[in-house]
Amino acid sequence: MNIYVSNLLSYFKDEDLHSLFAPFGNIVSSKVIMDRYTGTSRGFGFVEMSTAPEGQEAIKQLDGKVIDGRAIGVSVAKERSEKSGSGRSFR
C-alpha cells in the first residue's frame, strides 16, 4: 500500500520517515521528496507498506500526529496521472 505523507519538516530524511512508520509493519520503501537546489525536504514524501492492513493502521495512527509542533497529514497515495500535453509542437 502506498501512503502519501504531507506537512513534513524541512529536516526530514528518508530514515526519519522509515522510523516513523516502522512500528506499524514492514516498510517496502520510504522516500522524502527533496528540493534539488537546497537539499532540504519539500515537505512531503511517500511510504510503501507491504500490506494494506499495516498501511491503514499507520494512516489511522499517524494522520494529524504532531511532530515538533507541526501536524502531519497521512493518507492513501493517489496514482500519478500522465501529464497530457496540448498536442502542439513548437519548433
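Chemist: Pulling in residues and values, what's your account of the overall build of the protein?
Modeler: Counting its secondary structure elements, the protein contains two helices and six strands. Taken from the N to the C terminus, the helices and strands of the protein come in the order β-α-β-β-α-β-β-β. When burial is assessed residue by residue, the protein has 30% of its 91 residues classed as buried. Restricting to contacts in the protein with at least 6 residues of sequence separation, those with at least 24 account for 60%. Accessible surface, the protein as shown: approximately 6400 Å² in total, 48% of it carbon and sulfur.

Chemist: Mind laying out helix H2 (residues 52-62), listing which residues take part and the relevant values?
Modeler: Buried residues of H2: Gly55, Ala58, Ile59 and Leu62, and no others. Buried residues of H2 fall within an arc of 100 degrees about the axis and therefore sit on the same side. Turned more than 90 degrees from where H2 packs its buried face, Pro53 and Lys60 sit exposed. Contacts from the buried residues of H2 go to strand S1 (2-6), helix H1 (14-21), strand S3 (41-49) and strand S6 (73-76). Between the side-chain oxygen at the start of H2 and the backbone nitrogen of Glu54 there is a gap of 3.3 Å, and the oxygen is on Thr51. Remark: Gly64 follows H2 within two positions and exhibits a positive phi of approximately 90 degrees.

Procedures and definitions
Residues numbered from 1 in each chain as written. Predicted model: local features only at pLDDT ≥ 70, side-chain atom pairs only at ≥ 80, totals over all residues. Heavy atoms only, no water. Helix = DSSP H or I, 4+ residues; strand = E, 2+ residues; numbered from the N terminus. Buried < 20%, exposed > 50% of the residue type's maximum accessible area, 1.4 Å probe, protein only. Contact = heavy atoms within 4.5 Å. Areas by Shrake-Rupley, 256 points an atom, 1.4 Å probe, with all protein chains shown as cover. Arc of directions from axis to C-beta. Polar contact = N/O pair within 3.5 Å; in protein donor to acceptor, adjacent residues only side chain to side chain.

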